[in-house]
Amino acid sequence: MAAESGGSAQERATAGLDTPERFIVHAASPETALVAVESVVCVPTFRRPDLLEATLRSLSAQQGGHDFAIIVVENEGDDREGAIRAAALLAAGLFKGLVVVEPRQGNCKAYNAAWRCALTRFPALEQVLGIDDDERADPLWLDAFLSAAKTAPAALFGGSVTPEFEDASRAWLTAHPVFRSHYQVSGPVPMLYSSANYLIRREVLERLGYPFLNEEFDFTGGGDSDFFARAKASGFSFWWVQEAAQRETMPARRSEAGWIAARARRNGAISAEIERRRRPGPAGRLRVLAKSLALLAASLPRGLVLGLKTRSGLIGLYHAQVAVGRLLSEIGVRSEQYRKPETN
């Protein structure tokens, strides 16, 4: 059955939600159980039902006594294994909330569906939070975020993610920038870059409008970085909550040199693309190109320092790979690691 939008037409229009919904509600708790919920955790998923269940169980084990709901967004429109598993756990009482299906594959489409669903189904919504379907939240994850949100002068919050490698012999890769969180100390930060672990106040979504994430980034990644850049340009501030911790399962393929190099080049391409969007026109493009060339020139000394610090030549290559990714993006080469999420 197609989902029905919540709220009045005027309310939806002011939030940019006057276009038809594309997602479908697969399962839901009674509206009476959701009407007073202020915090909603969004979980996008694609073909990882076992990992998804581990994620949902980690959320059900949260301590601190906070009332919250979960929105699971299935982004696989055919078999829908994640939706089926999540609906069974919802029916069994593991959590309350909704299980929705966004059949149009795409990372940004899944996030847009989750945040739109939160805005239209939860009239008391104050903040959305997020966790990926290959992550597990520590027991005090939610409490740490909500405690910070009560007092911190910020609208967007990020938390730490610690990788756990299936191949334990590759645990030294935790020091690689591809796997390391951007910050390690709680407090104000200039910017967030990843939607792997976040809390976003409702007013940010309402100000930026739907679609919240630019769906041109669906398969390259970077829709979250672009969203945060637009939030910063709109005057919102950011805060890091180191204690809002998650752990991410890293399959063996992610410890391979080829995957790591592709992710580093992708990071570079995303950063250059976002900068080009902020500086349209020939002058802006030349400025971005100049920065990419400067980063390539600096990558040798920076790489030597990083390699010596981590005692790894593989890690030391990161800065050069980022610069190469930026330059390749200038000629239209795009890394679409999310085109096949099950191999990402």
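All of these numbers come straight from a predicted model, not from anything done at the bench.

Another point: the overall build of the protein. Across its full length, the protein holds 12 helices and 10 strands. Computed over its C-alpha atoms, the radius of gyration of the protein comes to 20 Å, within 12% of the 20 Å expected for a compact globule of 344 residues. Once the C-alpha set of the protein is aligned to its principal axes, its extents read approximately 60 × 50 × 45 Å. Classification of the 344 residues of the protein by burial places 53% in the buried group.

Quick look at the side chain of Q62 now. Position of Q62 relative to the elements: it lies in the loop between α3 (49-60) and β3 (68-74). Given the relative accessible area of 14%, Q62 is considered buried. At 3.0 Å, the side chain of Q62 forms a polar contact with the backbone oxygen of S58. Looking at Q62, its side chain comes within polar contact range of the main-chain nitrogen of L142, at 2.9 Å.

For the structure shown, the criterion picks out 26 salt bridges. Across the pair K96 and D67 runs a salt bridge, and its minimum N-O distance is 2.8 Å. Placement of K96 in the loop between α4 (81-91) and β4 (97-101) and of D67 in the loop between α3 and β3 is noted, with a sequence separation of 29 residues between them. Taken together, the shared-partner salt bridges in this structure form one network comprising E216, E273, R276, R277, R285 and E330.

As a further point, take the environment of L192. Residue placement: L192 occurs in the loop between β8 (187-189) and β9 (197-201). By relative accessible area, which is 2% here, L192 ends up buried. In sequence terms L192 and W240 are 48 residues apart; their C-alpha atoms lie 8.4 Å from each other. Excluding residues that lie within four positions of it along the chain, L192 makes contacts with L156, F157, G158, Y183, F228, F238, W239 and W240.

Before going further, it helps to spend a moment on the side chain of T55. You can see T55 is positioned in helix α3. The exposure class assigned to T55 is buried, which follows from its relative accessible area of 0%. At 2.6 Å, the side chain of T55 forms a polar contact with the backbone oxygen of E135. Residues in contact with T55, not counting those within four places in the same chain, are V43, I131, D132, D133, D134 and E135.

Moving on, we get to the confidence of the model for the protein. Predicted confidence across the protein gives a mean pLDDT of 93, with 95% of residues reaching 70 or more. This stretch, residues 1-14, has a pLDDT under 50; its non-local contacts, to residues over four places away or in other chains, come to 20 contacts.

Now for a nonpolar patch on the surface. There is a patch of nonpolar side chains on the surface, built from L296, V324, L328, I331 and V333 and spanning about 390 Å² of accessible area. Mapped onto the elements, V324 comes out in helix α12 (residues 318-330). Note on V324: relative accessible area 34%, which makes it partly exposed.

Following both chains from N to C, one finds helix α10 (residues 282-310) and α12 inclined at 160°, their axes separated by 7 Å at the closest point. For the element pair α10 / α12, the angle class is roughly antiparallel. Handedness of the crossing formed by α10 with α12: left-handed. For the pair formed by α10 and α12, the contact residues are R285, V288, L289, K291, S292, L293, L295, L296, S299, R302, G303 and L306 on the first element and Y318, H319, A320, A323, V324, R326, L327 and E330 on the second. Partitioned by chemical class, the residues of the contact of α10 with α12 number 11 nonpolar, 4 polar and 5 charged.

Definitions and cut-offs
- Residues numbered from 1 in each chain as written.
- Predicted model: local features only at pLDDT ≥ 70, side-chain atom pairs only at ≥ 80, totals over all residues.
- Heavy atoms only, no water.
- Helix = DSSP H or I, 4+ residues; strand = E, 2+ residues; numbered from the N terminus.
- Rg over C-alpha atoms; globule rule 2.2 N^0.38 Å.
- Buried < 20%, exposed > 50% of the residue type's maximum accessible area, 1.4 Å probe, protein only.
- Polar contact = N/O pair within 3.5 Å; in protein donor to acceptor, adjacent residues only side chain to side chain.
- Salt bridge = Lys/Arg side-chain N within 4 Å of Asp/Glu carboxyl O.
- Contact = heavy atoms within 4.5 Å.
- pLDDT = per-residue confidence, 0-100.
- Patch = residues over 30% accessible without salt bridge, like charges linked within 9 Å, V, L, I, M, F, W, Y side chains within 5 Å.
- Areas by Shrake-Rupley, 256 points an atom, 1.4 Å probe, with all protein chains shown as cover.
- Axes fitted to C-alpha atoms, helices over the stretch in contact; angles between N-to-C directions.
- Parallel < 35°, antiparallel > 145°, perpendicular 65-115°, else oblique.
- Left-handed = near helix turned anticlockwise from the far one by under 90°.
- Nonpolar A, V, L, I, M, F, W, Y, C, P; charged D, E, K, R; others polar.

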